[in-house]
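Single-letter residue listing:
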Amino acid sequence: MTDEPTLREAADDSDFRIGAAIDPDALRSDPSYWRTASNEFNAVTPENALKMGPLRPSRDTYDFGDADAVVDFGDRNDMYVRGHVLVWHNQKPDWFQAWDYTDDQLREFLREHVHTVAGRYHGRIDAWDVVNEAVADDGSMRDTVWYDALGEDYLADAFRWADEVSDADLYYNDYGADAINEKSDAIYDLLERLLDRGAPIDGVGLQMHALGDHPDPDSVAENIRRFQDLGLDVQITEMDVAFHADDPPANPDKVQAEFYRDVIAACRDAGCDTVVTWGVHDASTWLRTFRDFSDRFTGDPLLFDDRYDEKPAYDAVKGALRD
Ligand code: G3I
């Protein structure tokens, strides 16, 4: 027996949320997975199960089985639940083709989707990523099926539709915008425009996929503060820390731990209280299976290793929470 608190206890003691993205198959099949998730984290989000593709096997059916499993797990374990994601250009159903719809029909399709999914989890999901990755890497609006048909209006509409059926806090979520840069400038301008139009946006999610090039923590803190000055809450929503596979540092575990520590510290200094890591343990990271990412990046970006043992990054996060 040890009196050392778990990560979850350290987070609870600091009024902080430390979360993990969850794979429902692993939850069902691997006791070490769900024990680690429930003992060490006080927040969860389904990694894929709430996306439109996995949710909608055919035009007229929804399959909420996997999403319910993750939300139920969060409920039972008294965790904060982030819903990810209502409107995105990726992971749409295979049967869905934009050219089957007029623009008005697409708008109605999206409204029905947001109402059905956000409405189902009224009172059970605490925060929703309403729109994900609407801005391209150069700061222009991303050319998606939604933007192509509906223009910028689709964002304000999506937040309004979610607000009509959900009591969750509503977030805009994106990657590569963690620090002050061209893309986060563009997102800042976009959110300011949407807020001016009365869109019910509560916050912004900075994903923090630190893959190779890690943002400067001071700039991350400055970025968090400027969004807060717009009246928005800021959460770190998808954190993982990897290195270029062909050029890792000599001591990757140490560098990784220091970056986790610096981000948690920057977040807390700026008054942000939620960091979700993008997976429970290294064996379940998306980096090992996604496209050619396993060739491009090191594949152990999380707080627990393949055997669920605590890594230096785990101790660093706990230390940053107790400082
Ligand atoms: O489940 C199917 C399986 O049935 C099929 O046989 C197999 C063959 O391709 O694919 C499986 O689906 C994969 C799914 O992950 C579940 O493993 C998809 O191909 C794969 O594309 C999908 O990748 C997900 C990715 O989003 C899609 O863009 C990753 O798991 C997920 O971690 C990642 O998460 C995103 C966030 O939602 C948004 N921010 C970036 C983040 C990382 O890309």
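All of these numbers come straight from a predicted model, not from anything done at the bench.

A. Here's a closer look at the packing of helix α10 (residues 217-229) against helix α11 (residues 252-270). It is at 9 Å that the axes of α10 and α11 come closest, and there the two elements cross at 30°. Considering their axes alone, α10 and α11 lie roughly parallel with respect to each other. Regarding α10 and α11, the two cross each other, and that crossing is right-handed. From α10, Pro217, Ala221, Ile224, Arg225 and Gln228 reach across to α11, where they touch Phe259, Asp262, Ala266, Cys267, Asp269 and Ala270. Grouping the amino acids of the contact of α10 with α11 by side-chain chemistry returns 7 nonpolar, 1 polar and 3 charged.

B. Molecular detail of the site of the ligand. The full set close to the ligand counts 14 residues, and Glu47, Lys51, His84, Glu133 and Glu238 are the nearest of them. Contacts to the ligand include Lys51, whose side-chain N or O atom sits 2.6 Å from an oxygen atom. Glu238 places a polar side-chain atom, nitrogen or oxygen, 2.7 Å from a nitrogen atom of the ligand. Alone, the ligand offers 790 Å² of accessible surface; in the complex the protein occludes 52% of this.

C. Representation of a negative patch on the surface. On the surface, Asp126, Asp163, Asp167, Asp169 and Asp202 cluster together into a patch of negative charge. Among the structural elements, Asp202 can be located in the loop between α9 (182-196) and β6 (203-206).

D. Representation of unusual backbone geometry. In this structure, Val85 follows His84 across a cis peptide bond, with omega equal to 10°. Notably, Tyr308 is not glycine yet its phi reads approximately 70°, a positive angle. Looking at the element boundaries, Tyr308 is found in the loop between α12 (293-296) and α13 (312-322).

E. How the structure looks around the pairing of strand β8 (residues 233-242). In terms of burial, β8 is a largely internal element, 9 of the 10 residues being buried. Pairing of β6 with β8, which is carried by 4 bridges, proceeds in the parallel orientation. Within the sheet, the bridge partner assigned to Gly203 lies in β8 and is Asp233. Relative to β8, strand β7 (residues 209-211) is paired through 3 bridges, and the arrangement is parallel. Bridge assignment links Leu211 to a residue of β8, and that residue is Ala242. With 2 bridges joining them, β8 and strand β9 (residues 274-277) adopt parallel strand pairing. From the neighbouring strand, Ile236 faces β9, where its bridge partner is Val275. At this point the chain moves from β8, through α11, to the parallel β9, and the crossover so formed is right-handed.

F. Expanded view of the pattern of salt bridges. Summed over all chains, the structure comprises 26 salt bridges. One salt bridge connects Asp174 with Lys183, and the closest N-O pair in it is separated by 3.2 Å. The pair Asp174 / Lys183 is uniform in exposure class, with both members buried. Bridged by salt links that share partners, the residues Arg107, Asp157, Arg160 and Glu164 form one connected network.

G. Expanded view of the nonpolar core. Within the largest apolar cluster, 98 residues are counted, with the highest numbers of intra-cluster contacts made by Trp128, Val131, Tyr172, Leu191 and Phe227. Within the second largest apolar cluster, 8 residues are counted, among which are Leu211, Ala242, Trp278 and Phe293.

H. Geometry of the environment of Thr285. Residue position: Thr285 is located in the loop between β9 and α12. In sequence terms Thr285 and Pro301 are 16 residues apart; their C-alpha atoms lie 7.3 Å from each other. Separated by 3.1 Å, the side chain of Thr285 and the backbone nitrogen of Leu287 make a polar contact.

I. Main features of the environment of Ala257. By the element assignment, Ala257 lies in helix α11. Separated by 204 residues in the primary sequence, Ala257 and Gly53 have C-alpha atoms spaced 34 Å apart. Excluding residues that lie within four positions of it along the chain, Ala257 makes contacts with Pro312, Ala313 and Ala316.

J. Spatial organisation of the side chain of Glu133. Take Glu133: it is sitting in the loop between β4 (127-132) and α7 (145-150). An unpaired buried charge is present at Glu133: no salt bridge exists, and Arg142, the closest side chain of opposite charge, is 5.1 Å distant. A polar atom in the side chain of Glu133 sits 3.0 Å from the side chain of Gln207. Setting aside anything within four residues of it in sequence, one finds Glu133 in contact with Trp88, His89, Arg142, Tyr172, Asn173, Asp174, Tyr175 and Gln207.

Conventions used here
Residues numbered from 1 in each chain as written. Predicted model: local features only at pLDDT ≥ 70, side-chain atom pairs only at ≥ 80, totals over all residues. Heavy atoms only, no water. Axes fitted to C-alpha atoms, helices over the stretch in contact; angles between N-to-C directions. Helix = DSSP H or I, 4+ residues; strand = E, 2+ residues; numbered from the N terminus. Parallel < 35°, antiparallel > 145°, perpendicular 65-115°, else oblique. Left-handed = near helix turned anticlockwise from the far one by under 90°. Contact = heavy atoms within 4.5 Å. Nonpolar A, V, L, I, M, F, W, Y, C, P; charged D, E, K, R; others polar. Near = heavy atom within 4 Å. Polar contact = N/O pair within 3.5 Å; in protein donor to acceptor, adjacent residues only side chain to side chain. Areas by Shrake-Rupley, 256 points an atom, 1.4 Å probe, with all protein chains shown as cover. Patch = residues over 30% accessible without salt bridge, like charges linked within 9 Å, V, L, I, M, F, W, Y side chains within 5 Å. Salt bridge = Lys/Arg side-chain N within 4 Å of Asp/Glu carboxyl O. Lys, Arg positive; Asp, Glu negative; His and termini not counted. Charge placed at Lys NZ, Arg CZ, Asp CG, Glu CD. Buried < 20%, exposed > 50% of the residue type's maximum accessible area, 1.4 Å probe, protein only. Pairing = 2+ DSSP bridges. Right-handed = clockwise from strand over helix to strand, strands pointing away. Core = buried A, V, L, I, M, F, W, Y, C linked by side-chain atoms within 4.5 Å.

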